[in-house]
Amino acid sequence: MTTTGTRGVTLGQAAREFWRHPTPWMILALVVGAAVARVVVGGISLADLWAPLALVLLFPFVEWVIHVFILHWRPRKLGRITVDTLVARDHRRHHADPRDVDLVFIPTPTLPWLILAIVALPLGIGAAVGVPVSATLSFVVVESLILMTYEWIHYLVHTDYKPRTTLYRAVWRGHRLHHFKNEHYWFSVTTSGTSDRVLGTYPDPASVETSPTAKNLHGTLN
C-alpha cells in the first residue's frame, strides 16, 4: 500500500501499512508503559473503573470538540501576526488530500506533547485532589487505548479497506461524508455519529449541499 493507497486492500494489508508509520509505535509504547505502571502499583479494584468509564462515555464529545475547535481552527490575524497551529495546518493538508496516508496520522512532532499531557495532567490533577495513583493510572491506560483506537480507525477509514460490518460501515460513511460532502458536519471519527447526533451536526446527507471547500478548509488555499 503506497501513501496514496491501493484499490481493494485487505485488513491485513492495511494493518501492515499502519505499523510502518511511527505514531502507532509511539502510542503503543504509551499503552505498554501505562499498563506496566498500573500492574506495578497494584491494588486493582472496581473503584478504578469509574473514571475510565466516564472517559469512554465522554470521549465522543471530546473528539467532537477537538475536531471542531482545534483541527478546524481558522487562521486569525492579530495585527501583523497570523495565529495558526501545526495541527490545524496539517489537518487542512489532510482535507486537501484525504488519500495521502502520511497526513492521516497525528503529526509526529505533536504526538510527544499529547502523550505528555495524557500522562502528566491526570497524575497532577489526581495528586491535587487526592485520587489514588492506582486509579489515575487506570485512567491513563484507558486514555492511551482510546488514542490507539482513534489512530487506527481514522487511518483505516482513509484506506481502501471496504466496510464488512454494520457498525464500521456507519463510522466509515460519516467520516467520508465529512471529507467529500461537507466539512461542516459529521465530525465524529471513532463512533457512528454519537456526538454529531446530540450536537446537531448529523443531518440527512440529501438535505446538505456539497461544500466547495471540503478539500480547501476556510478557502485558505486560494
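Per chain, residues are indexed from 1 in the order of the written sequence. Two thresholds apply to this predicted model, a pLDDT of at least 70 for residue-level local features and 80 or more for giving and counting side-chain atom pairs, whereas whole-chain, interface and lining totals are computed over all residues. Heavy atoms from the whole structure form the basis of all side-chain values; hydrogens and water molecules are not counted.

1. A short note on the environment of Asn216
Then, number 1: If you trace the backbone, Asn216 turns up in the segment after helix H8 (194-199).
Then, number 2: For Asn216 and Arg92, which are 124 residues apart along the polypeptide, the C-alpha to C-alpha distance reads 6.9 Å. Elements are defined by DSSP. Helices are runs of H or I of four residues or more, strands are runs of E of two residues or more, and each kind is numbered from the N terminus.

2. Notes on the nonpolar core
Then, number 1: Judged by nonpolar contacts, the single largest core of 29 residues is most densely connected at Ile27, Leu111, Leu147, Tyr155 and Leu156.
Then, number 2: Those elements that place two or more of their residues in this core are helix H1 (11-18), helix H2 (22-41), helix H5 (111-129), helix H6 (133-157) and helix H7 (166-180).
Then, number 3: Here this core takes 9 residues from H6, the largest share from any one element.
Then, number 4: Any two residues having at least one pair of non-hydrogen atoms within 4.5 Å are treated as being in contact. Each residue touching Ile27, except ones within four places of it in the same chain, is listed here: Leu111, Ser144, Leu147, Met148 and Glu151. Each nonpolar core is a collection of buried residues, namely Ala, Val, Leu, Ile, Met, Phe, Trp, Tyr and Cys, held together in the definition by side-chain atoms within 4.5 Å. The buried label goes to any residue with under 20% of its type's maximum accessible area, the exposed label to any with over 50%, and the partly exposed label to all in between, with areas taken from a 1.4 Å probe on protein chains only.

3. Details of the UniProt feature "transmembrane region" (unreviewed entry) in the protein
Then, number 1: UniProt positions are given in the numbering used here, feature names are shortened, and annotations may be inferred rather than shown by experiment. Those places that UniProt annotates as "transmembrane region" (unreviewed entry) correspond, in this numbering, to residues 25-44, 50-71, 113-131 and 137-157.
Then, number 2: Along residues 50-71, the helical share is 100% and the strand share 0%, with 29 Å between the first and last C-alpha atoms.
Then, number 3: Structurally, residues 113-131 comprises 89% helix and 0% strand, and the distance from its first C-alpha atom to its last is 24 Å.

4. Observations concerning the UniProt feature "domain: Fatty acid hydroxylase" (unreviewed entry) in the protein
Then, number 1: The sites that carry the UniProt feature "domain: Fatty acid hydroxylase" (unreviewed entry) are, in the present numbering, residues 54-201.
Then, number 2: The straight-line gap between the two end C-alpha atoms of residues 54-201 is 23 Å; of that span, 64% is helix and 4% is strand.

5. Structural notes on a nonpolar patch on the surface
Then, number 1: Each patch is built from residues that are more than 30% exposed by relative accessible area and take part in no salt bridge. Like charges join if they lie within 9 Å; nonpolar side chains (Val, Leu, Ile, Met, Phe, Trp, Tyr) join within 5 Å. Computed by Shrake-Rupley with a 1.4 Å probe, the accessible areas treat only the displayed protein chains as cover when residues are assessed. Between Lys or Arg on one side and Asp or Glu on the other, a salt bridge is scored when a side-chain nitrogen of the former is within 4 Å of a carboxyl oxygen of the latter. Together, Leu58, Val62, Val65, Ile66, Phe69 and Ile70 make up an exposed nonpolar region whose accessible area comes to about 520 Å².
Then, number 2: Along the chain, the position of Ile70 falls in helix H3 (residues 50-71).

6. Quick look at the packing of H3 against H6
Then, number 1: Lines are fitted to the C-alpha atoms to define the axes, a helix being fitted only along its stretch in contact, and any angle between axes, read from their N-to-C directions, falls within 0 to 180 degrees. Direction vectors running N to C along H3 and H6 enclose 45°, while the axes themselves pass 11 Å from each other. Comparing the axis directions of H3 and H6 gives the class oblique. Crossing handedness for the pair H3 and H6: right-handed. In contact with Ala51, Pro52, Leu55, Val56, Phe59, Glu63 and Leu71 of H3, H6 contributes Ser138, Phe139, Val142, Glu143, Ile146 and Tyr150. By the definition adopted for this analysis, an angle is roughly parallel if under 35 degrees, roughly antiparallel if over 145, roughly perpendicular if from 65 to 115, and oblique otherwise. For a crossing to be left-handed, the near helix must be turned anticlockwise from the far one by less than a right angle; the clockwise case is right-handed.

7. Observations concerning helix H4 (residues 86-96)
Then, number 1: The set of residues buried in H4 consists of Val87, Ala88, Asp90, His91, Arg92, His94 and His95.
Then, number 2: Among the structural elements, H3, H6 and H7 are those in contact with the buried residues of H4.

8. Considering the packing of aromatic side chains
Then, number 1: For Phe, Tyr and Trp, rings pair up if their centres lie within 6.5 Å, where Trp contributes its six-membered ring, and each pair is then called stacked (planes under 30 degrees apart), edge-to-face (over 60) or tilted (otherwise). Enumeration according to the criterion identifies 11 aromatic pairs in this entry.
Then, number 2: Geometrically, the ring pair formed by Phe18 and Phe105 is tilted, given 5.9 Å between the ring centres and 35° between the ring planes. You can see Phe18 sitting in helix H1 and its partner Phe105 sitting in the loop between H4 and H5, a full 87 residues away along the chain. There is no split in this pair, since Phe18 and Phe105 are both buried.

9. Things to note about H6
Then, number 1: An expected span of 1.5 Å times one less than the residue number is assigned to each helix. When the terminal C-alpha atoms of H6 are compared, their 36 Å separation across 25 residues agrees well with the 36 Å that a helix rising 1.5 Å per residue should span.
Then, number 2: Burial within H6 is extensive, with 20 of its 25 residues counted as buried.

10. Thoughts on the pattern of salt bridges
Then, number 1: As enumerated under the stated definition, the model contains 5 salt bridges in all.
Then, number 2: Across the salt bridge formed by Arg38 and Asp48, the nearest N and O atoms sit 2.3 Å from each other. Placement of the pair is Arg38 in helix H2 and Asp48 in the loop between H2 and H3, with a sequence separation of 10 residues.
Then, number 3: Arg38 gets classed as buried once you look at its relative accessible area, which sits at 5%.
Then, number 4: Between Arg93 and Asp90 there is a salt bridge, with the nearest N and O atoms lying 3.0 Å from each other. With Arg93 and Asp90 both in helix H4 and 3 residues apart, this pair spans about one turn of that helix.
Then, number 5: The exposure class of Arg93 is partly exposed, given its relative accessible area of 48%.

11. Some words on unusual backbone geometry
Then, number 1: Positive phi outside glycine occurs at Trp186, with the angle close to 55°.
Then, number 2: Counting through the fold element by element, Trp186 comes out in the loop between H7 and H8.
Then, number 3: Taking relative accessible area as the criterion, Trp186 reaches 1% and is therefore assigned buried.
Then, number 4: Positioned with a positive phi, His218 is a non-glycine residue whose angle comes to about 60°.
Then, number 5: For His218, the position within the fold is in the segment after H8.

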